[in-house]
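Fold and contact review
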Amino acid sequence: QQQVKQSPQSLIVQKGGISIINCAYENTAFDYFPWYQQFPGKGPALLIAIRPDVSEKKEGRFTISFNKSAKQFSLHIMDSQPGDSATYFCAASGYSGAGSYQLTFGKGTKLSVIP
Amino acid sequence: KAGVTQTPRYLIKTRGQQVTLSCSPISGHRSVSWYQQTPGQGLQFLFEYFSETQRNKGNFPGRFSGRQFSNSRSEMNVSTLELGDSALYLCASSTGETGTQYFGPGTRLLVL
């Protein structure tokens, strides 16, 4: 079965620090790698995404690093703030046939940013 | 544009009952995917509908079914509810031509 492995399960970071979450995938057919942020009681919100033709993408304080040969990608949150405290999910998507793009999710990382 | 809406937001049912959840996608989006989120299993894909046709299905029993209407709104039905069906059910909207999906707030289902 297609899998995306995410680590760590939980992360505590000091305000102003860098939060790093890692993911690894197995299926080389995956061609789209989004990260979602989820607050309690809310649905996941698309944060940032990357395709394998680039090694890095930055949007504000959020950066995705992508290593195609290692089949790994990571999310870096610079200058982490208490408002970033949430659960983060990595995901991978590839063509599933019949025009369908199915997202396969990691198990999530609960980030706590302490003042 | 308005986001993805899901109704109801909360539901309490008893074992053996059935339930129907509703999802309205972002205007112009033709694809609706459904996911089940639980603390133990995380986010798991249920199925995807595009232009009223189911074009992908996850590994869930036949008690889980869905449909999509001509206006792209989708409903998901779970029959003969089991305690293990307690979860957050999420609907995601997409144009259907890329992997980018936008999630609704979810329906929290509690089965007693």
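Please refer to the structure higher up on the page.
Residues numbered from 1 in each chain as written. Chains lettered and ligands numbered in written order. Predicted model: local features only at pLDDT ≥ 70, side-chain atom pairs only at ≥ 80, totals over all residues. Heavy atoms only, no water.

**A few points about the sheet that holds strand β6 (residues 56-59) of chain A**
In sheet architecture, strand pairing relies on hydrogen bonds along the backbone and comes in two forms, parallel and antiparallel. All names here are of chain A. Pairing is antiparallel in the open sheet, where five strands are placed in the order β1-β3-β8-β7-β6. Because the sheet does not close on itself, it has two edges, and the strands there are β1 (4-7) and β6. Across the sheet, the axes of successive neighbouring strands diverge by a mean angle of 15°, strand direction being ignored. Sheet analysis places β6 next to strand β7 (residues 62-67), joined by four bridges and oriented antiparallel. For K57, the partnering residue across the bridge sits in β7 and is I64. (Pairing = 2+ DSSP bridges. Helix = DSSP H or I, 4+ residues; strand = E, 2+ residues; numbered from the N terminus. Axes fitted to C-alpha atoms, helices over the stretch in contact; angles between N-to-C directions.)

**With respect to the interface of chain B and chain A**
Listed by partner, the interface residues are 24 residues for chain B and 22 residues for chain A. With both sides pooled, the region where chain B packs onto chain A buries about 1700 Å², and carbon together with sulfur makes up 49% of that total. Ranking the residues of chain B by area buried against chain A places L43, R55 and F103 of chain B at the top, with a combined share of 27%. Here chain B is connected to chain A by zero salt bridges. Joining chain B to chain A, the criterion identifies seven residue pairs in polar contact (both at pLDDT 80 or more). (Contact = heavy atoms within 4.5 Å. Buried area = accessible area lost by both parts, 1.4 Å probe. Salt bridge = Lys/Arg side-chain N within 4 Å of Asp/Glu carboxyl O. Polar contact = N/O pair within 3.5 Å; in protein donor to acceptor, adjacent residues only side chain to side chain.)

**Regarding the nonpolar core**
Counting residues in hydrophobic clusters, the biggest one holds 24 residues, and the most contacted among them are F33, W35, F73, L75 and Y88 of chain A. At the level of secondary structure, the elements contributing two or more residues to this core comprise β2 (10-14), β3 (19-25), β4 (33-38), β5 (45-50), β7, β8 (72-77), β9 (86-95) and β11 (109-114) of chain A. The element best represented in this core is β9 of chain A, accounting for four residues. Apart from residues lying up to four places away in sequence, Y88 of chain A is in contact with Q6, I21, Y36, Q37, L47, L75, I77, G108, T109 and L111 of chain A. Counting residues in hydrophobic clusters, the runner-up holds 21 residues, among them C23, V32, L81 and C91 of chain B. (Core = buried A, V, L, I, M, F, W, Y, C linked by side-chain atoms within 4.5 Å. Buried < 20%, exposed > 50% of the residue type's maximum accessible area, 1.4 Å probe, protein only.)

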